[in-house]
Number of protein chains: 2
Amino acid sequence: MKIVFLGTGAAVPAKNRSPTSIAIKFNGETFLFDCGEGTQRQMIYTDVSPMKIDNIFITHLHGDHILGIPGLLQSMGFNGRRDHINIYGPPETEGIINGMLNMGYHSINFQVNVYEIPIEKPYCILESESYKIYSYPMEHSVPTLGYVFKEKKKPQLDIKRAIELGINVGPDLKKLKEGYSVVSKDGRKIHPEDVLLPPKRGISIGYSGDTLPLKDFGKFLKSLDCNILIHEATFDSSKKENAFETMHSTIEDAVNIGTIGGVEELILTHISARYDDSMEVYLNEVINLSREKNLNITIAEDLMEFPLKKGK
Amino acid sequence: MKIVFLGTGAAVPAKNRSPTSIAIKFNGETFLFDCGEGTQRQMIYTDVSPMKIDNIFITHLHGDHILGIPGLLQSMGFNGRRDHINIYGPPETEGIINGMLNMGYHSINFQVNVYEIPIEKPYCILESESYKIYSYPMEHSVPTLGYVFKEKKKPQLDIKRAIELGINVGPDLKKLKEGYSVVSKDGRKIHPEDVLLPPKRGISIGYSGDTLPLKDFGKFLKSLDCNILIHEATFDSSKKENAFETMHSTIEDAVNIGTIGGVEELILTHISARYDDSMEVYLNEVINLSREKNLNITIAEDLMEFPLKKGK
């Protein structure tokens, strides 16, 4: 249960940062968010296995977020993958992926399903027993989606209360958890709400993709009780104009969205190659804002692993 | 004047080797041979500038030799390139490159000329005042070309002899070099062949791409007076069967071709990821064969620079 930062760089190739890619490892599944050139090679320095990835989420169709896909798919084919893979992205993703499937001779013998997500409003785009994944329309120079990964937590059983009420421990507890009523040892009907505590807070991770800062995205994160926000912060705040012109965010922008979202952890990524030689200015701003806003801020680094604690 | 090995790995991503790409820097021009995923990032660790590359030569259309092209072209566009670029490759290259030009939003505002080279026989595919570049049909699982870069050397003037013959030093020497006859101080007609020595041996570099060993390629190198051969040697010779099945070469194969070619320097590249943890077996074979055949053999490493001496 962790986030693995495979690439934390921006559009221009950087010495210390591969272009953007983030893997979330959750309950045996691996979700890949963006896949810049070189992502498959970054994986071999981590425990992220390409064969375990069943879902790839693309924020937008700029090269530094997608050009690792052809190589990743070809390597999956080379290694004999047969399981289908799902790729989600903004409109026009399907044509791009189809083009990628035609890049030279290869052995991709598995199904690649592409889902184009409309960018007009947020959607729940994927749901399982244990998680939901949402898209959120962002604001960049090309159609862009942010994503939220949200763990679904089941209600918890108040065992002490259940024993007080005289419930037969075992199958009856399971039934209550599944939402059925049972009969206690002394014949009383016991309903789930009599013994269930509200579910623990699950893990909920927001990811901005490339974007201008969007207050409404912060509110969306708040509504989903988000505890971790991965937000792009291409520039420090002295480069505010560059950020605005290129439709990116500064450190301060990211902090503002994190504050609106009420997150506990803010992780900054998509960091410009201009900081390749010195992170001093960037780092100082992070330290100051972290103190000022009383917010945990982490600057993502390539191959950094961020652990996800259960029920955090 | 040097060869820069940007990537020296094979099909499977390796910890220590980026997929194949080789730059030849010659008289202010940079020639790129193959361009695997991650090539543009490898360049920033060297003095190879993407903006100085006007000609890219693709050996074959396998991902580990071409998937760095979209990112390289997009970065050239991002950096405001206006000069056209030429891409040479085997049949079907044009469709692949056109597909690559459609990979997401980008700003490639320069002309990309694609030249598909027939694979039936060798061709001189590019010629300038100072070099010729040849293609040679290789034998791999898909249509593949080897290449030879050959420096053109002009005849050298025998100054001592010219003075003996009483030639007016200055413009007359230039005329003789350009092939014209002149008149000496004492009125004799002097022809170029009277004072010109045969040209020095130029630099001539062969590159195999991925291939089974081809004796005829060795003979072709010999006919071009090749002094440096960059040959794939994916496997050590104990993996001869793997090499044959996958249509690759072993170290011994490469040495044989180099010997037939009469080269002075053999550089091995496209080295399997299986040697990521230990090069011992590979290295031992190289040392033994080098001694046995009295041949300089270098195992290419990522970012290795191989100097080219003038008139070597």
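All values derive from a computational prediction rather than experimental measurement. (Residues numbered from 1 in each chain as written. Chains lettered and ligands numbered in written order. Predicted model: local features only at pLDDT ≥ 70, side-chain atom pairs only at ≥ 80, totals over all residues. Heavy atoms only, no water.)

Q: For the pairing of strand E9 (residues 145-151) of chain B, give the residues involved together with the corresponding values.
A: The side chains of a regular strand alternate, first on one face of the sheet and then on the other. All names here are of chain B. Counted residue by residue, E9 has seven buried out of seven residues, so it is predominantly covered. Of the two faces of E9, the one carrying Leu-145, Tyr-147, Phe-149 and Glu-151 and the one carrying Gly-146, Val-148 and Lys-150 are both buried. The sheet contact formed by strand E8 (residues 131-137) and E9 spans seven bridges and is antiparallel. Among the inter-strand pairings, Ser-135 is bridged to a residue of E9, identified as Tyr-147. (Buried < 20%, exposed > 50% of the residue type's maximum accessible area, 1.4 Å probe, protein only. Helix = DSSP H or I, 4+ residues; strand = E, 2+ residues; numbered from the N terminus. Pairing = 2+ DSSP bridges.)

Q: Outline the relation of the copies chain A and chain B, supporting the account with residue identities and numerical values.
A: Superposition of the two copies of the chain requires a rotation about an axis and a shift along the axis. Between chain A and chain B, the superposition needs a rotation of 180° and an axial shift of 0.1 Å, giving an RMSD of 0.1 Å. Taken together, the turn and the small shift mark the pair as related by a two-fold rotation axis. Every residue of chain A has its C-alpha some distance from the rotation axis, and the shortest such distance is that of Gly-38 of chain A, at 2.6 Å. Mapped onto chain B, 100% of the interface residues of chain A again fall at the interface, so both copies present the same surface. (Least-squares fit on C-alpha atoms with pLDDT ≥ 70 in both. Contact = heavy atoms within 4.5 Å.)

Q: Account for the interface of chain A and chain B, with residues named and values stated.
A: Between chain A and chain B, the contact holds 38 residues from the first and 38 residues from the second. A combined buried area of about 2900 Å² lies between chain A and chain B, and 62% of that area is made up of carbon and sulfur atoms. Applying the counting rule to chain A against chain B returns zero salt bridges. At the boundary of chain A and chain B, one finds 12 residue pairs in polar contact (both at pLDDT 80 or more). (Buried area = accessible area lost by both parts, 1.4 Å probe. Salt bridge = Lys/Arg side-chain N within 4 Å of Asp/Glu carboxyl O. Polar contact = N/O pair within 3.5 Å; in protein donor to acceptor, adjacent residues only side chain to side chain.)

Q: Let's hear about the environment of Glu-127 of chain A: which residues, and what values?
A: All names here are of chain A. Considering the arrangement of structural elements, one finds Glu-127 in strand E7 (residues 123-127). As for Glu-127 and Phe-149, which are separated by 22 residues in sequence, their C-alpha atoms are 9.8 Å apart. If we ignore the near neighbours within four places in the chain, the residues touching Glu-127 are Lys-132 and Lys-152.

Q: Mind laying out the UniProt feature "active site" (unreviewed entry) in chain A, listing which residues take part and the relevant values?
A: All names here are of chain A. UniProt annotation of "active site" (unreviewed entry) refers to Asp-64 when read in the numbering used here. In this structure Asp-64 comes out as buried when scored by relative accessible area, which is 11%. Once residues lying within four places of it in the same chain are set aside, the contact partners of Asp-64 are Ala-10, Ala-11, Pro-19, Thr-20, Gly-36, Asp-210 and His-270. (UniProt positions renumbered as here; feature names shortened; annotations may be inferred.)

Q: Please provide a residue-by-residue account of the UniProt feature "binding site: Zn(2+) 1" (unreviewed entry) in chain A, values included.
A: Residues and elements named next belong to chain A. Under the local residue numbering, the UniProt record ascribes the feature "binding site: Zn(2+) 1" (unreviewed entry) to His-60, His-62, His-140 and Asp-210. For this annotated set, covering 151 residues, all C-alpha atoms fall within 10.6 Å of each other, a compact arrangement in space. For His-60, the location among the structural elements is in the loop between strand E4 (53-57) and helix H2 (63-66). Leave out the neighbours within four places in its chain, and His-60 touches Asp-34, His-65, Ile-66, Pro-90, His-140, Val-142, Pro-143, Thr-144 and Asp-210. Of note is the side chain of His-60, whose polar atom sits 2.8 Å from the side chain of Thr-59. Residue placement: His-140 occurs in the loop between strand E8 (131-137) and strand E9 (145-151). Residues within four places of His-140 in sequence aside, it is in contact with His-60, His-62, Asp-210, Thr-211, Thr-246, Met-247 and His-248.

Q: Please give an account of the domain arrangement of chain A that cites residues and values.
A: Looking at the assigned domains, one finds that chain A contains domain 1 (2-153 + 201-307) and domain 2 (156-197). Placing the centre of domain 1 of chain A and that of domain 2 of chain A at their C-alpha centroids yields a distance of 42 Å. (Domains from an automatic or database assignment.)

Q: Now, about the environment of Asp-172 of chain B: what can you tell me, with residues and values included?
A: All names here are of chain B. The topology assignment puts Asp-172 in helix H6 (residues 171-177). Counting along the chain gives 45 residues from Asp-172 to Phe-217, while the straight-line C-alpha distance between them is 42 Å. Sequence-distant contacts of Asp-172, defined by excluding residues within four places in its chain, comprise Ile-167, Val-182 and Val-183.

Q: Outline the pattern of salt bridges, listing residues and values.
A: All names here are of chain A. Using the criterion set out here, one finds 24 salt bridges over all chains in the structure. The partner of Arg-188 in a salt bridge is Asp-186, and the shortest N-O contact between them spans 3.6 Å. Measuring nitrogen to oxygen at the nearest pair gives 3.6 Å for the salt bridge that ties Lys-219 to Asp-216. Highlighted residues: Lys-219 and Asp-216, both in helix H8 (residues 215-223), separated by three residues, approximately one helical turn. Lys-219 sits in the exposed class, given a relative accessible area of 54%. Taking relative accessible area as the criterion, Asp-216 reaches 47% and is therefore assigned partly exposed. Connected through salt bridges with shared partners, the residues Lys-2, Lys-25, Asp-47 and Glu-305 form a single ionic network.

Q: Please set out the sheet that holds strand E5 (residues 85-89) of chain B residue by residue, giving values where relevant.
A: All names here are of chain B. What the seven strands build is an open sheet, ordered E6-E5-E4-E3-E2-E1-E18; its pairing is mixed. One side of each edge strand has no neighbouring strand; the edge strands of this open sheet are strand E6 (112-116) and strand E18 (305-307). Neighbouring strand axes in the sheet, compared pairwise and without regard to direction, differ in orientation by 20° on average. As paired elements, strand E3 (residues 29-33) and strand E4 (residues 53-57) share four bridges and run parallel to each other. Paired with Phe-33 across the strands is Phe-57, a residue of E4. Relative to the sheet, helix H3 (residues 69-78) contacts E3, E4 and E5, its axis offset from that of E5 by approximately 170°. In the packing of helix H4 (residues 93-100) onto the sheet, the strands contacted are E5 and E6, and the crossing angle to E6 comes to about 155°. (Axes fitted to C-alpha atoms, helices over the stretch in contact; angles between N-to-C directions.)

Q: Describe the pairing of E4 of chain B, listing the residues and the values that go with them.
A: Residue and element names in this part refer to chain B. Burial analysis of E4 places four of its five residues in the buried class, which makes it a mostly covered element. Where E4 lies against E5, three bridges are found, and the strand directions are parallel. Within E5, the position partnered with Ile-56 by the bridge is Ile-87.

Q: Before we move on, can you summarise the confidence of the model for chain A with the specific residues and values?
A: Per-chain confidence: chain A averages 95 in pLDDT, with 99% of residues scoring 70 or above. The ipTM, which scores confidence in the relative placement of chains, is 0.90 for this predicted complex, and the corresponding pTM is 0.92. (pLDDT = per-residue confidence, 0-100.)

Q: Talk me through the sheet that holds strand E14 (residues 204-207) of chain B; I want residue IDs and the actual numbers.
A: Paired through backbone hydrogen bonds, the strands of a sheet run either parallel or antiparallel to each other. All names here are of chain B. Spatially, seven strands are ordered E7-E8-E9-E14-E15-E16-E17 in an open sheet, and the strand pairing comes out mixed. The open sheet has two free edges, formed respectively by strand E7 (123-127) and strand E17 (296-299), since each of these has just one partner strand. Each adjacent strand pair in this sheet contributes to an overall mean axis angle of 20°, direction not counted. Here four bridges tie E9 to E14, and the two strands are oriented antiparallel to one another. Bridge pairing in E14 links Lys-150 to Ser-204. Packing of helix H10 (residues 251-261) onto the sheet brings it into contact with strand E15 (228-232), strand E16 (265-269) and E17, and relative to E15 it is tilted by some 155°.

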